[in-house]
Amino acid sequence: MSAVLEVSDVRKNFGGITAVNGVSFDVQEGEILGLIGPNGCGKSTLFNCILGQLTPSGGEVKVDGKPVTGLRPSELNRLGVSRTFQLLQVFPKLSVRENLILAGQEHRGSMTSRLFGRSDAGLTDAANQMIGFFKLDHLADEPAGGLSYGQQKLLDAAMAFMGGPRLVLLDEPAGGVNPSMLSDLKERLAAINRERRATFVVIEHNMEFVMSLCSRVMVMAEGRVLAMGRPDDIRRNPAVIEAYLGH
Amino acid sequence: MSDLLDLMVAGLATGAIYALVAVGFTLLWQTSQTINFAQGEFVMLPAFFMLAAMHAGAPFWLAILIGIGLSMILLGLGFKLLLVDPMLRHGVLPLAIATMALAIGIKEAVKQFFSAEASPFPSVVPAGEASILGRAVSLQSLGVLALAILAVIGLTALLNRTSLGRQMQAVAQNPNVARIIGIPVERMILLTFLINAVLVAVASVLITPIYLAKFSSGEVLGQAAFIAAIVGGFNQVRGAIAGGLLIGVVDNLSAAYISTQYRAAVPMILLIAIILFCPQGLLGRAEERTV
Amino acid sequence: MRELRKYLPFALSAAVVAALIVVPMNFNRYGLFILSQWATMTIAAMGLNLTLGYAGQVSLAQGAFVGIGAYTAALMTTHGLPLAGALALAILLCFAIGWLLGYPALRVQHHYLAFVTLAFSTLAFLVFRNESWLTGGTYGISNIPRPAIFGFATNRPLPFYYVCLGMLGIVTLCMWWLIRSPWGRAFMALRENPIRAQSLGVDTRRYTLMAFAIGSALGGVAGVIYAPLTQYIDPVPFNLSLSLDLLMMVIVGGSGFFFGPFLGAMIAVLLPEWLRVTEGYYLMLYAAAVILLLIWSPTGILGILDRFLAERRTRAASAKRAGTKSQWETVA
């Protein structure tokens, strides 16, 4: 059975700077892989290369065995890959429910059916379910721009799941979330991972978050994979400690 | 065949003028995301300042200086402070529309306050012909070409060899980083507007003798400048120069060899071809998809 | 009270529609002509609003599409063919041309469509002017007949005004449907945040192309009504100035707002009429007015209204948030 995500020797250069220098790894179905490393180690660039936001200078990316290197983000999304953003990107003028309907509508039917069919593309129930799951019920009709930061983060995550993705790449989901919500966010993500067998790759700086949520952790430094293994092993790995302290 | 050489030189001459205008246009876009749809009118207007000065009795050389000065004040400083600064933070488009309205306003003002008729304008270059390689070439074209090339060389020298010019280039490439490393970004942007004002004034002096001073002459010129800027690649000064020269030559040659009815179409066709087959322009850099 | 507030927009619309039907019955020929022109321009502006306000693309060819629609209608009706046929053909033609123009340009970069449409606008005008065997060249096409709708002749100003109004009504309903559909949501998404939209599977290129093609088709529809309105067309009205005028209408009315084009067209058609007393200065004043309006509110007239409403909404939302916290945010 092929891995959900296979990254082979991906490289990315910007002029003279090599941001990603030959990274290879696999992610199996149902896994939650954490991606950590000091600032500037290439995590976000790697993400963007996988997601089609940037075209890799070399190497290959495969999703469920299909090569997807250099495909556009919208095409990748329709193949079952979605993401959350480090800098919040909800649609502030739309209501919470509308945001979720938007997030799922491109996966329903064809262009034509979406023009002549129902205004909500039949997604109101699914959206309400998602709202319930992330406990945003009382905010369902509020414009997303009026939500608090933490609430918007939840919405962002919810949007990523509306399309029923196989693989979700989360970019610093815990960033800026106040501590009282963090454990609940973690719990919700773990629940969705279990219930839908969704595979995650999570970039995070919050060590405690990563170590407790992820089944495996990959450490990057200077554009390369420094270490890969279970959270406990990584925590004790001297090279990893060095990479963080040495910065 | 003697025609061809004369046409080429004339084409390069008008092309060099287009290049000046296109460079100013590109600089404004690069440093401050301003698309100036009134650029053609900016070239048309200084000639009228100069004509007014001469009517008031000033000698030609003084009128030119006055024209350049007024251009810098109104089309450089005034334009930036009154139109660009208030609107820029709201995005590229409202400002672009405002410059469209500005173009109309300037055109109508000239038509109303000066005249709807074309007025002659003295040339800096003597009339007559010179002999090159045994062929007759108009002195006007040679003179204009020489002066325009001088202006372009001067500008390139300023941009590449002076510290000021390099700072401006830094601002054009990445204003945020430029600010961080201590470049006075706002002052540099103002400088770009002033330089544009000088460029259009110089272009005005060079081109008005040929096409006469008329309120409507900005339209064709403005269009030529846009096309030159795009053809050359919207993000490179060198490209704007190359684009301008190319458009000038193509325009002149097509006037001679293609029916005048569709002459205006030729630069447009060139534009579409470039966009289709060479989207970053002749010399431009391909823009990455941004994160 | 909340119940009543919900019905306010409907009541308002009904009142406006009623006024548009009843009040002009007392207008003279010229007044009806101006109002019919307003209706026509609103249709073209609505198309441009779709391209620009919803999909975020600048088109400088909307005037050319109006011209294509007008010439199609003029040619067909002066040869005895029905206006409805011209309408269908114009829609298909403009949609197809829009698609053809947009497809390569959008492969490239965001703002290049503006320049391709600029080129097309010039080319179209040249064709209108030069190909006299088809278009009558600078002499144009005259004696364009007015259609018979369900057997009623519309040669007089008031009946034809109702034709224009009816067309505007139909177009408005179609646009309303479009904006409410998932397509409308996708358009809005690609205007607000194309990167996020892409990450959600919205094929931004295809939707942008669709918006541009549909918008162009609406330009054609406006042209099909314009020809029998003026009953004489020549190339002059369909040059770049019309495209720029339409662009201004959209921006001044409020780009991206559903009723923006209605207001913008009203200003563009009525304001010059009022300013005409100033004779030679009226265009300058118009230009100055547009510049000042844009400096004051770059989001147009409806933008001002929207800002006002948004401020009230955020104040209400903060109050609500302060009152009820989410189930997660319980005080520890």
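Note that this is a predicted model, so its numbers are computed, not measured. (Residues numbered from 1 in each chain as written. Chains lettered and ligands numbered in written order. Predicted model: local features only at pLDDT ≥ 70, side-chain atom pairs only at ≥ 80, totals over all residues.)

### Looking at the interface of chain C and chain B
Selection rule: Once C-beta atoms are placed from the backbone, any two residues with those atoms within 7 Å are in contact. Secondary structure is summarised from DSSP: a helix means a run of H or I of at least four residues, a strand means a run of E of at least two, and numbering begins at the N terminus for each. Residue type decides the class: Asp, Glu, Lys and Arg count as charged, Ala, Val, Leu, Ile, Met, Phe, Trp, Tyr, Cys and Pro as nonpolar, and the leftover types, Gly among them, as polar.
In this complex, chain C contributes 28 residues to the contact, which on the side of chain B involves 28 residues. Those elements giving two or more residues to the side of chain C that touches chain B turn out to be α4 (83–108), α5 (112–130), α11 (240–253) and α13 (282–296) of chain C. Split by residue class, the side of chain C that touches chain B holds 24 nonpolar, four polar and no charged.

### Structural notes on the interface of chain C and chain A
Counting residues at the interface gives 26 residues for chain C and 31 residues for chain A. Ranked by residue count, the leading element in the side of chain C that touches chain A is helix α8 (residues 182–192) of chain C, at five residues.

### Here's the deal with the pairing of strand β1 (residues 5–14) of chain A
All names here are of chain A. Selection criterion: If DSSP finds at least two bridges between two strands, the strands pair.
Here β1 pairs with strand β4 (residues 58–63) via five bridges, running antiparallel. When the bridges of β4 are listed, R11 appears paired with G58. Note: β1 against strand β2 (residues 17–27), eight bridges, orientation antiparallel. Its bridge partner being in β2, E6 is matched across the sheet by D26. Where β1 folds back on β2, the antiparallel hairpin that results is connected by two residues, among which G15 adopts a positive phi of roughly 60°.

### As for the sheet that holds strand β5 (residues 66–67) of chain A
Reading across the sheet, the four strands line up as β2-β1-β4-β5 (chain A) and stay open at both edges, with antiparallel pairing between neighbours. At either margin of the open sheet sits one strand with a lone partner, and together these are β2 and β5 of chain A.

### Details of α8 of chain C
Selection rule: Burial in this document is a count-based property: other C-beta atoms within 10 Å of a residue's C-beta are tallied, and the residue is buried at 20 or more, exposed at 12 or fewer, or partly exposed in between, with C-beta positions derived from the backbone.
Counting buried residues in α8 of chain C gives nine out of eleven residues, a clear majority hidden from the surface. Contacts made by the buried residues of α8 of chain C are with α3 (96–105) and α4 (111–116) of chain A together with α2 (29–54), α7 (157–180), α9 (194–199) and α10 (204–230) of chain C.

### As for the packing of α11 of chain C against helix α12 (residues 260–275) of chain C
In a pair of packed helices, the angle between the axes and the distance between the axes together describe the arrangement. Residue and element names in this part refer to chain C. Cut-off, in case you're wondering: With axes taken as lines fitted to C-alpha atoms, and helix axes fitted only over the stretch in contact, angles between N-to-C directions fall between 0 and 180 degrees. Roughly parallel here means an angle under 35 degrees, roughly antiparallel means over 145, roughly perpendicular means 65 to 115, and every remaining angle is called oblique. Crossing handedness is defined as follows: a turn of the near helix away from the far one that is anticlockwise and smaller than a right angle gives a left-handed crossing, while the clockwise case is right-handed.
Axis separation between α11 and α12 bottoms out at 7 Å; the angle between their running directions is 120°. Comparing the axis directions of α11 and α12 gives the class oblique. Considering how the two elements wind past one another, α11 and α12 form a crossing that is right-handed. On α12, the residues touching D245, M248, M249, V250, V252 and G253 of α11 are G260, P261, F262, L263, G264, A265, I267 and A268.

### A short note on the confidence of the model for chain B
Predicted coordinates in areas of low pLDDT are best not read in detail. The cut-off we apply is this: Looking at any residue, its pLDDT shows the predictor's confidence there, from 0 to 100.
Of the residues in chain B, 91% have a pLDDT of 70 or more, and the chain-wide mean is 82. Segment residues 287–291 of chain B is flagged for pLDDT under 50; beyond a separation of four residues in sequence, or across chains, it makes six contacts in the model.

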